[in-house]
Amino acid sequence: MPDDQVINNAAKKTFWDKLIIQKLSAPAIILFLICTSLAISYVIAREGYIAGLIILCVIVALPVAYATVAYPKFGIMALITISFFINYASRLVPEPTPIGLVMDAMTYLLILGFFVKHKSDKQWDYFKNPITYFTLAWLGYNFLELINPASPSILEWVFTVRTVGVIMLMYFVFLYHIRTKEFIKSLIKLWLVLELIAAVSGFQQEHIGLFGFENEWLHRFPERYKLLFIGGHLRKWGIFSDPVVYAYNMVAAALVCIALMFGPLKRRRKIILGLMAAFFFAVMLYSGTRASYLIIPAGLSMLFILNFNKKVLIFAVVCALMLGVLIRVPTSNPTLARFQSAFRPSKDASFEERLRNQERIKPFILSHPIGGGLGSVGVWGQRFAPNSYLAKFPPDSGYVRVAVEMGWIGLLLYCIFNFVILYKGIQYFYLIRYPMLKSYCLGMILFIFAFDVGNFPQQALVQYPSNILFYMAMALLNITMRLDIEQRKSKPKMTG
């Protein structure tokens, strides 16, 4: 056994000896633990299991809260993990339970940890880049909507800014705390493992059936079942809030896997990534989300353009032929038939309905340069201003929603913001020399591009975990470039 491992084991042994023997075995501590356990038992016996669950949550929440502030890496990984399961957990509790406050709490704790850490380590160079400047501009515009005179209720802004504006601050947290290739590798591993769990959940719903609590959630409201059961097939959602989020995450995860295959990985790992990508694409079909089918050729086209060579050209031709066969092959399978309909929009009644809605709202957008107010459409508009014109409008598209709520000025700023992100990401991709960092950057470009395209037919960035992952991908574009520059300085003659 190496000397350093012996030293580490000895240090761990000493730590636990001190903790158990010298600390927890003290009479005062033992008495405190006995009294606490008796008190908790009495409360549970008197108030029931709900009180026990609350006490358990408090016991877990306090150390997690401390660890999130004191150890930002733990907090970031916890935030990502919770963002995947928050909607799944909501199926187990009554509908009005504000379980989303868990994500709010994690977000605020990470922001607090950011300021605590930055107080002693005032490193501003991390933030000096065009993506950050436009993020601040877009964030500022979101907060400026607070005083929009056309907004029927300030509460719409308050509830919407939580998942639109405050979440955007995670970009700065990610940009500041992700500082090593090893941590990027850990985050992407965690990301893909969570996506794989989500994919298996969708597979289970399609081939095995819904769990009892999933079935109860599905039938809790008749409108929900009617929305998800289309053409004799139940659209699947996995562990996410709805089929759209499920489909978009599956496609984006598959594109990230394909991008990583261009890195300097062993053949075994490339095979695993390839199989994962194929699985993600396959289970994505269960969602019945036609918009996601269009993201696949769009994302692969971006990949082929950025990595154009003979092998990639052959791969592109093979993919195009396979796609053509899938679109044209006669079928009675409802899943494949819905996939084919995505490439025939002229025969899609819902597509035509969306075009009519967009044409109907166009005069309002042109006459309201800063829109009708953040949150004026959708759930919060229906809740706080149910009789308003915008509360009854179905935005469908993420870009249309921005135009309606924040005006054509907001839409213009939002499009510039997204253009700058992709422009700098592509620029960084060609500048980065370190192969693994290059593949990480490529993966983030494909992820962001996929959601930019998917945001047109659907609202792609208003649900967890998509919004969290999007801002992490933005940050990773800058981080990979920064680490590559540091790598070059330390190893001027780096070869790979």
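Now for a look at the structure at hand.

Criteria and cut-off values
- Residues numbered from 1 in each chain as written.
- Predicted model: local features only at pLDDT ≥ 70, side-chain atom pairs only at ≥ 80, totals over all residues.
- Heavy atoms only, no water.
- Phe/Tyr/Trp six-rings, centres within 6.5 Å; stacked < 30°, edge-to-face > 60°.
- Helix = DSSP H or I, 4+ residues; strand = E, 2+ residues; numbered from the N terminus.
- Buried < 20%, exposed > 50% of the residue type's maximum accessible area, 1.4 Å probe, protein only.
- Expected span 1.5 Å × (residues − 1).
- Contact = heavy atoms within 4.5 Å.
- Patch = residues over 30% accessible without salt bridge, like charges linked within 9 Å, V, L, I, M, F, W, Y side chains within 5 Å.
- Areas by Shrake-Rupley, 256 points an atom, 1.4 Å probe, with all protein chains shown as cover.
- Salt bridge = Lys/Arg side-chain N within 4 Å of Asp/Glu carboxyl O.
- Lys, Arg positive; Asp, Glu negative; His and termini not counted.
- Charge placed at Lys NZ, Arg CZ, Asp CG, Glu CD.
- Core = buried A, V, L, I, M, F, W, Y, C linked by side-chain atoms within 4.5 Å.
- Axes fitted to C-alpha atoms, helices over the stretch in contact; angles between N-to-C directions.
- Parallel < 35°, antiparallel > 145°, perpendicular 65-115°, else oblique.
- Left-handed = near helix turned anticlockwise from the far one by under 90°.
- Nonpolar A, V, L, I, M, F, W, Y, C, P; charged D, E, K, R; others polar.

Moving on to the packing of aromatic side chains. Describing an aromatic ring pair means giving the distance of the ring centres and the angle of the ring planes. Using the criterion set out here, one finds 29 aromatic pairs in the structure. Taking 6.0 Å as the distance between ring centres and 80° as the angle between the ring planes, the aromatic pair formed by Phe114 and Phe127 counts as edge-to-face. Taken as a pair, Phe114 in helix H5 (residues 101–120) and Phe127 in the loop between H5 and helix H6 (130–144) lie far apart in primary sequence, 13 residues in all. Since its relative accessible area comes to 11%, Phe114 is described here as buried. For the ring pair Trp138 and Tyr414, a centre distance of 5.0 Å and an interplane angle of 45° mean the geometry is tilted. With Trp138 in helix H6 and Tyr414 in helix H19 (residues 398–431), this pair connects stretches of sequence that are 276 residues apart. Like Tyr414, Trp138 is buried.

Turning our attention to helix H13 (residues 267–284). Given a rise of 1.5 Å per residue, 18 residues ought to cover 26 Å, and the 26 Å separating the end C-alpha atoms of H13 matches this to within 8%. Those residues of H13 that fall on the buried side of the exposure criterion are Leu273, Met276, Ala277, Phe280, Phe281, Val283 and Met284. Where H13 is buried, its residues meet helix H9 (181–207), helix H12 (243–260) and helix H14 (290–306).

With that settled, the discussion passes to a positive patch on the surface. A cluster of basic residues, Lys185, Lys189, Lys266, Arg268 and Arg269, forms a positive patch at the surface. Mapped onto the elements of the fold, Arg269 is located in helix H13.

Every α-helical turn comprises 3.6 residues, leaving residues that sit three or four positions apart pointing alike. Along its 20 residues, helix H20 (residues 435–454) runs 28 Å from first to last C-alpha, staying within 8% of the 28 Å computed at 1.5 Å per residue. Counting buried positions over the 20 residues of H20 gives 17, a clear majority of the element.

One finds Ile80 and Phe447 to be the most contacted residues of the largest nonpolar core, which totals 121 residues. It is H12 that contributes the most residues to this core, 16 residues altogether. In contact with Ile80, not counting residues within four places along its chain, are Leu187, Leu190, Leu194, Ile468, Leu469 and Met472. Formed by 9 residues, the second largest nonpolar core is a distinct cluster that contains Ile361, Phe364, Leu390 and Phe393.

Turning our attention to the packing of H9 against helix H21 (residues 466–490). Between H9 and H21, whose axes approach to 11 Å, the crossing angle comes to 150°. What the angle tells us is that H9 and H21 run roughly antiparallel. The way H9 lies across H21 gives a crossing that is left-handed. Two secondary-structure elements touch here, H9 through Lys181, Ile184, Leu187, Trp191 and Glu195 and H21 through Leu469, Met472, Leu476, Ile479, Thr480, Leu483 and Gln487. Residue classes in the contact of H9 with H21 are distributed as 8 nonpolar, 2 polar and 2 charged.

Interhelical geometry of H6 versus H19 gives an angle of 170° and a closest axis separation of 9 Å. Put simply, H6 runs roughly antiparallel to H19. At the point where H6 passes H19, the crossing takes the left-handed sense. From H6, Pro130, Ile131, Phe134, Thr135, Ala137, Trp138, Tyr141 and Asn142 reach across to H19, where they touch Val402, Met406, Ile409, Gly410, Leu413, Tyr414, Ile416, Phe417, Val420, Ile421, Lys424 and Tyr428. Class assignment of the residues belonging to the contact of H6 with H19 gives a composition of 16 nonpolar, 3 polar and 1 charged.

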